[in-house]
Each structure stands twice: as C-alpha cells, then as structure tokens.
Amino acid sequence: MIRAPLLLTLLIAPLSQAMEPMPKGPHGQPPLLPPAALYQASKLSGDPRATAAELTQLIPPAEKGKRYEVQVSVREVRELPTPPAQPLTNKQER
C-alpha cells in the first residue's frame, strides 16, 4: 500500500519540474539564444594545418560593422579496433 504513493510521487516529480517556467533574462525577458553559425565545417585529415588552410578559404567574407566569434579545434580521432574476421562457412544442401 505504501508503494503506490511513492511510485506516484516518483512519476509526477519529473513532470512538475518540466512544467516550471523558462528562466528570465536580466530585464524579465526570455534569454537570447546564440545566433546560428555563419559557417561551420568538419573534415577528417592526416594534416590538420593543411586542412584548416583549405577550410579557411571557404569562409564567406565578413560584413562591415559586424563582429564574429571564430573557434578552431583539432582533435585526434582514434581508430576503432576491428573485430576478428569470422570464418566463412559454406553450407551446401544436397
């Protein structure tokens, strides 16, 4: 009998948190979302400097009077281990 109220509480608690109002900005308005990326690219390569130089050539020109945030990131991509090959079986029915 005690389990039912506990279960109901566990089910309703996340719903009540999801229904909380959106946080407000400093002047009571909803917070601003960052603008969409003007240009974004990703490419796998063995030479990150050459790839960055290649991708830089594709960036559209800046507009006068606007400021831009530019981020550059290079990460090593580790190869996934390949599973051992399964022997092929050839079953022929006669």
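For the structure, see preceding data.
Cut-offs applied
- Residues numbered from 1 in each chain as written.
- Predicted model: local features only at pLDDT ≥ 70, side-chain atom pairs only at ≥ 80, totals over all residues.
- Heavy atoms only, no water.
- Patch = residues over 30% accessible without salt bridge, like charges linked within 9 Å, V, L, I, M, F, W, Y side chains within 5 Å.
- Areas by Shrake-Rupley, 256 points an atom, 1.4 Å probe, with all protein chains shown as cover.
- Salt bridge = Lys/Arg side-chain N within 4 Å of Asp/Glu carboxyl O.
- Helix = DSSP H or I, 4+ residues; strand = E, 2+ residues; numbered from the N terminus.
- Buried < 20%, exposed > 50% of the residue type's maximum accessible area, 1.4 Å probe, protein only.

Caption draft 1: A nonpolar patch on the surface, seen in detail. A grouping of Leu38, Tyr68, Val70, Val72 and Val74 is seen on the molecular surface, where their side chains present a nonpolar patch of about 560 Å² in accessible area. By the element assignment, Leu38 lies in the loop between helix H1 (3–18) and helix H2 (48–56). Residue Leu38 is classed as exposed on the basis of its relative accessible area of 55%.

Caption draft 2: Just the pattern of salt bridges, in detail. Inspection of every chain in the model, using the stated rule, returns two salt bridges. For the salt bridge of Glu54 with Lys43, the shortest nitrogen-to-oxygen distance reads 2.5 Å. Remark: Lys43 occurs in the loop between H1 and H2 and Glu54 occurs in helix H2; sequence separation between them is eleven residues. Among the residues examined, Glu54 registers a relative accessible area of 42% and is labelled partly exposed. Judged by relative accessible area, Lys43 falls into the partly exposed class, the value being 42%. Here Glu63 makes a salt bridge to Lys66, at a shortest N to O gap of 3.2 Å. Judged by relative accessible area, Glu63 falls into the partly exposed class, the value being 45%.

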